[in-house]
Amino acid sequence: MDFRHELVLPNEDLPFRLFVFEGQNGNYKVTKHWHRSIEIFLVLDGWIDFYINAQSRRLGPGQFVLVNSNEVHSVDCPKPNFTLVLQIPRGLFESYLPDADHLLFCRSCRSDERLVQLIQQMQETYTHRTDGYLFRILRDFYELMYLLVTDYRILEVDEERKQQHKNLDRLSKITSYMQVNYREKLSLEGVAHIFGYSPAYLSKMFQKYAGINYKAYLLELRTEAGYRLLMNTELPSGQIALECGFPDSRSFAASFRRRYGLTPAEYRKMFGDSILQVDKKVL
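Residues numbered from 1 in each chain as written. Predicted model: local features only at pLDDT ≥ 70, side-chain atom pairs only at ≥ 80, totals over all residues. Heavy atoms only, no water.

Caption draft 1: Structural detail: the overall build of the chain. The secondary structure content of the chain amounts to 10 helices and nine strands. Residues counted as buried form 50% of the 283 residues belonging to the chain. Taking contacts inside the chain between residues at least 6 apart in sequence as the whole, the part at least 24 apart equals 75%. Only carbon and sulfur atoms are counted for the fraction: they give 52% of the accessible area of the chain, which is about 14100 Å². (Helix = DSSP H or I, 4+ residues; strand = E, 2+ residues; numbered from the N terminus. Buried < 20%, exposed > 50% of the residue type's maximum accessible area, 1.4 Å probe, protein only. Contact = heavy atoms within 4.5 Å. Areas by Shrake-Rupley, 256 points an atom, 1.4 Å probe, with all protein chains shown as cover.)

In structure tokens:
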């Protein structure tokens, strides 16, 4: 297995994050990961394959999937698509719901049409940004949150789910630190010392709760960072490798090819002119 934790940051002017999924040109995979935010993937054109735990589903135009906090998921986009992603920090729910520690939502219900409409309205409002746009987008956002807690929320959460959530929450503190500092050496021993664990215990935490060893997780972080630099800068592959914590360009190329099926140079040549810039992917 190949899990990683994803740090979710809100848009600067909003309490949530709304963006165009960067796999829109196809030949793109997001490996298994989890985060504390609630996440909605809404496909508007094309299709994507979405995996949550042991379940898989293909999403086509007008379809969405809701991902709960600390729920392991991955995405496969072999073909072009246009998908919106809405990520809501769990803390927003905790501010209004005193028992939100184990907040859980179902994936579908009778209000699907309205939820899709709200996300599309938020996209259009944020894209045009006319006078007073923040009032309109926040109006739609809080209506969406209301729908989630009234029509989608599961009130009875079993103990197994609560325990899984607790374990991944603990590990999230460590992986969030690694996401910020992946350029550094980040030895298992050093990170274990920072968080007050023995190296052996930290290694077992990764394997037991995330299903991946520490080194493999760190490699995934660096490869993803390399992808972003490759597609959004003109830096040569060797410099990208060093920027992302790889010892050399060969190790970066090998890791990149395992994940994307092409060398960095091949991928840049094929998709570089059409991929959205990182600083433009937010709506």
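Caption draft 2: Unusual backbone geometry, seen in detail. Look at Asn-70: it is not a glycine, yet its phi comes out positive at around 55°. As for its placement among the helices and strands, Asn-70 is situated in the loop between strand 7 (64-67) and strand 8 (73-77).

Caption draft 3: Structural context of the packing of aromatic side chains. On inspection of all chains with the given rule, the structure shows 21 aromatic pairs. Relative to Tyr-28, the ring of Phe-21 lies with its centre 5.8 Å away and its plane at 75°, an arrangement referred to as edge-to-face. Judged by relative accessible area, which is 5%, Phe-21 ranks as buried. Taken together, Phe-21, Tyr-28, Phe-41, Phe-50, Tyr-227, Phe-246, Phe-252, Phe-256, Tyr-260, Tyr-267 and Phe-271 form an aromatic cluster joined through their ring pairs. In this arrangement the basic side chain of Arg-58 is found over the ring face of Trp-47, its NZ or CZ atom lying 3.6 Å from the centre. (Phe/Tyr/Trp six-rings, centres within 6.5 Å; stacked < 30°, edge-to-face > 60°. Lys NZ or Arg CZ within 6 Å of the ring centre and 35° of its normal.)

Caption draft 4: Region of the structure containing the sheet that holds strand 2 (residues 17-20). Overall, antiparallel pairing links the four strands, which are arranged 2-9-4-7 in an open sheet. The sheet terminates laterally at strand 2 and strand 7, the two strands that pair on one side only. Each strand axis lies, on average, 15° off the axis of its neighbour in the sheet, ignoring direction. Relative to strand 9 (residues 81-88), strand 4 (residues 38-46) runs antiparallel, the two sharing eight bridges. Counterpart to Val-43 in the pairing with strand 9 is Thr-83. Relative to the sheet, helix 2 (residues 112-128) contacts strand 2, strand 4, strand 7 and strand 9, its axis offset from that of strand 4 by approximately 85°. Of the strands in this sheet, strand 4, strand 7 and strand 9 are in contact with helix 3 (residues 133-152), which crosses strand 9 at around 80°. (Pairing = 2+ DSSP bridges. Axes fitted to C-alpha atoms, helices over the stretch in contact; angles between N-to-C directions.)

Caption draft 5: Representation of the packing of helix 2 against helix 3 within the structure. Between helix 2 and helix 3, whose axes approach to 9 Å, the crossing angle comes to 160°. With respect to their mutual orientation, helix 2 and helix 3 come out roughly antiparallel. The chirality of how helix 2 crosses helix 3 is left-handed. Facing helix 2, whose interface residues are Asp-112, Arg-114, Leu-115, Leu-118, Ile-119, Gln-121, Met-122, Thr-125 and Tyr-126, helix 3 presents Tyr-133, Arg-136, Ile-137, Arg-139, Asp-140, Phe-141, Glu-143, Leu-144, Leu-147, Leu-148 and Tyr-152. (Parallel < 35°, antiparallel > 145°, perpendicular 65-115°, else oblique. Left-handed = near helix turned anticlockwise from the far one by under 90°.)

Caption draft 6: The pairing of strand 3 (residues 28-34), seen in detail. Burial runs high along strand 3: five of the seven residues are buried. One ladder, built from four bridges, connects strand 3 with strand 8; its direction is antiparallel. Bridge pairing in strand 8 places Tyr-28 opposite Cys-77.

Caption draft 7: Structural view of the pattern of salt bridges. Taken as a whole and assessed by the stated rule, the structure comprises nine salt bridges. Across the salt bridge formed by Arg-228 and Glu-22, the nearest N and O atoms sit 3.0 Å from each other. Note that Arg-228 is positioned in helix 7 (residues 214-232) and Glu-22 in the loop between strand 2 and strand 3, a separation of 206 residues in sequence. By relative accessible area, which is 13% here, Glu-22 ends up buried. As a salt-bridge pair, Arg-58 and Asp-49 come within 2.8 Å of each other at their nearest N and O atoms. Residue Asp-49 is classed as buried on the basis of its relative accessible area of 11%. Overlapping salt bridges bring together Glu-22, Glu-220, Glu-224, Arg-228 and Arg-259 as one network. (Salt bridge = Lys/Arg side-chain N within 4 Å of Asp/Glu carboxyl O.)

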